[in-house]
Amino acid sequence: MDGIQDLRAKYLEQIAGAAGAEALEGVRLAALGKKGEISLMMRELGKMTPDERQVAGPALNGLKDEIDSALKARKVALDDAALDERLKAEWLDVTLPGRPRPRGTIHPVSQVTEECTAIFADMGFRVAEGPQIETDWYNFDALNIAPEHPARQEHDTFFMHRAAGDNRPPHVLRTHTSPVQIRAMQDQGAPIRVIAPGRVYRMDMDQTHAPMFHQIEGMAIDRDISMANLKWVLEEFFTAYFGTKVKTRFRASHFPFTEPSAEVDIQCSWVNGQLRVGEGDGWLEVLGSGMMHPKVLQAGGIDPDQWQGFAFGMGIDRMAMLKYGIPDLRAFFESDLRWLRHYGFGALEAPTVHAG
Ligand code: PHE
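Residues numbered from 1 in each chain as written. Predicted model: local features only at pLDDT ≥ 70, side-chain atom pairs only at ≥ 80, totals over all residues. Heavy atoms only, no water.

S.K.: For the overall build of the chain, give the residues involved together with the corresponding values.
M.R.: When helices and strands are tallied, the chain shows 11 helices and 10 strands. Taken over the C-alpha trace, the chain has a radius of gyration of 42 Å; the compact-globule value for 356 residues is 21 Å, which it surpasses by more than 25%. Along the three orthogonal principal directions, the C-alpha set of the chain runs to about 125 × 60 × 40 Å. Looking at the chain residue by residue over its 356 residues, the buried ones come to 40%. Considering only residue pairs separated by 6 or more positions, the chain has 65% of its internal contacts joining residues 24 or more positions apart. Put simply, the chain shows about 20,500 Å² of open surface, and 53% of that area lies on carbon and sulfur atoms. Positive and negative side-chain charges of the chain, numbering 39 and 50 respectively, have mean locations separated by a distance of 4 Å. (Helix = DSSP H or I, 4+ residues; strand = E, 2+ residues; numbered from the N terminus. Rg over C-alpha atoms; globule rule 2.2 N^0.38 Å. Buried < 20%, exposed > 50% of the residue type's maximum accessible area, 1.4 Å probe, protein only. Contact = heavy atoms within 4.5 Å. Areas by Shrake-Rupley, 256 points an atom, 1.4 Å probe, with all protein chains shown as cover. Lys, Arg positive; Asp, Glu negative; His and termini not counted. Charge placed at Lys NZ, Arg CZ, Asp CG, Glu CD.)

Quick look at the structure:
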């Protein structure tokens, strides 16, 4: 069987010399493929005499196994070499600085809403919500705002469209957060302590007015709630919010839904055109408030002979402007990235007023 030695030498040499997976596969087919040289020789075994076969059989099988292992070993070597090549080409410098990713900021309105919510939560107020599209009953009637009240006039209120022939009074975009007073009373009854931050809408637009802005409503009802409680709650709130003792001044006012009513000013001073809250002898009007009108309690399903409460409504945007020195209200809603980057808060560096 000299032929076998020749084949062995020939294929081992070809295997060693195969430069890649494709060449190696060619060698495999030539030797061990269906019509490969060694396969054909094995087929010849059938024609041999038993004696011849006893010699040729094991020799051919040995050759086949040897070539097979050599093929496999070479394949592993080639794969390793290819991987080495790739790793060299794909070399990565892990010491390079990372690529900066643009990061958004938290809008001052979101930030201030969060701050207010946290302060009132510490005083036992829960957050209540209501729809921005309201019926005129919740926005006006239930709050004792008579049909002829100026707040109902077209120039203040956005009315929703009604289909022709639909004669129900139109829904409105709520003009204040006060309708949430009614909804919260209906939902929870008395006693109750809630705040309701949210969007409100009025047809108004100048440096200090936008057609959409934010208010936070507050309401506390119990057996013996008084104006004194209101004053304490508000002073606690302003002091926590501005981080300095803030005095308040109550001025008699009028709202249909409160009796008596008061507008509340906070103490401030102007130094070189800069506003400082909590010092000096100036006053700045920041909210409307009062004792809830009996008719409003009734509209919320609460007996005014048993319960009484205070309510207040305050502009969130205004609060943000005062605390963070933001001059123009309109910019709040223009989505100018430069403004947002300047006045926005990083998610991790935002000041928090949560009790520690
Ligand atoms: N709803 C009033 C406004 O929008 C504010 C207010 C709320 C006044 C609650 C008194 C009580 O101006």
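S.K.: Now, about helix α4 (residues 50-89): what can you tell me, with residues and values included?
M.R.: The end-to-end C-alpha distance of α4, which contains 40 residues, comes to 58 Å, matching closely the 58 Å that a straight helix rising 1.5 Å per residue would cover. Helix geometry: α4 is bent most strongly at A56, by close to 25 degrees, with proline P58 lying one to four residues after it. Along α4, the residues classified as buried are A56, G57, L60, L63, I67, A70, L71 and L78. (Expected span 1.5 Å × (residues − 1). Bend = angle between axes of the 7 residues up to and from the residue.)

S.K.: Report on the site of the ligand, specifying residues and quantitative values.
M.R.: Neighbouring the ligand are 14 residues, the closest being H176, S178, R202, Q215 and G313. In the model, a nitrogen atom of the ligand is placed 2.9 Å from a nitrogen or oxygen of the S178 side chain. R202 places a side-chain nitrogen or oxygen 2.9 Å from an oxygen atom of the ligand. Protein contact buries 89% of the 320 Å² of open area that the ligand shows by itself. For the shell around the ligand, the secondary structure elements donating two or more residues are β5 (212-222), β9 (282-292) and β10 (308-315). Broken down by element, the residue count for the shell around the ligand peaks at three residues, all from β10. In terms of residue class, the shell around the ligand is made up of four nonpolar, eight polar and two charged. (Near = heavy atom within 4 Å. Polar contact = N/O pair within 3.5 Å; in protein donor to acceptor, adjacent residues only side chain to side chain. Nonpolar A, V, L, I, M, F, W, Y, C, P; charged D, E, K, R; others polar.)

S.K.: Explain the environment of P147 to me, and be specific about the residues and the numbers.
M.R.: With respect to the helices, strands and loops of the structure, P147 is situated in the loop between α6 (136-139) and β3 (172-173). Under the relative-accessibility criterion, P147 is labelled exposed at 57%. Residues P147 and D136 lie 11 residues apart in sequence; the distance between their C-alpha atoms is 9.7 Å.

S.K.: Before we move on, could you go through the side chain of S178 and cite the residues and values that matter?
M.R.: Structurally, the position occupied by S178 is in the loop between β3 and α7 (179-188). Of the residues examined, S178 reaches a relative accessible area of 4% and is grouped as buried. Filtering out sequence-adjacent residues up to four positions away, S178 remains in contact with L143, E217 and F257.

S.K.: An account of the packing of aromatic side chains is needed here, citing residue identities and associated values.
M.R.: All told, the structure shown has 14 aromatic pairs when counted by the stated rule. Relative to F238, the ring of F237 lies with its centre 5.2 Å away and its plane at 65 degrees, an arrangement referred to as edge-to-face. Taking the relative accessible area as the measure of exposure, F237 reaches 0% and is therefore buried. Centre to centre, the rings of F332 and F333 are 5.9 Å apart; their planes meet at 50 degrees, and the pair counts as tilted. Accessibility expressed as a relative area gives 2% for F332, which makes it buried. Judged by its relative accessible area of 28%, F333 is partly exposed. An aromatic cluster of at least three residues, connected via ring pairs, comprises F120, F125, F237, F238, Y241, F242, F310 and F312. (Phe/Tyr/Trp six-rings, centres within 6.5 Å; stacked < 30°, edge-to-face > 60°.)

S.K.: Describe the side chain of Q215, listing the residues and the values that go with them.
M.R.: In this structure, Q215 sits in strand β5. The buried category is assigned to Q215, whose relative accessible area is 11%. Of note is the side chain of Q215, whose polar atom sits 2.9 Å from the backbone nitrogen of T177.

By themselves, these figures tell us nothing about what the structure is for.
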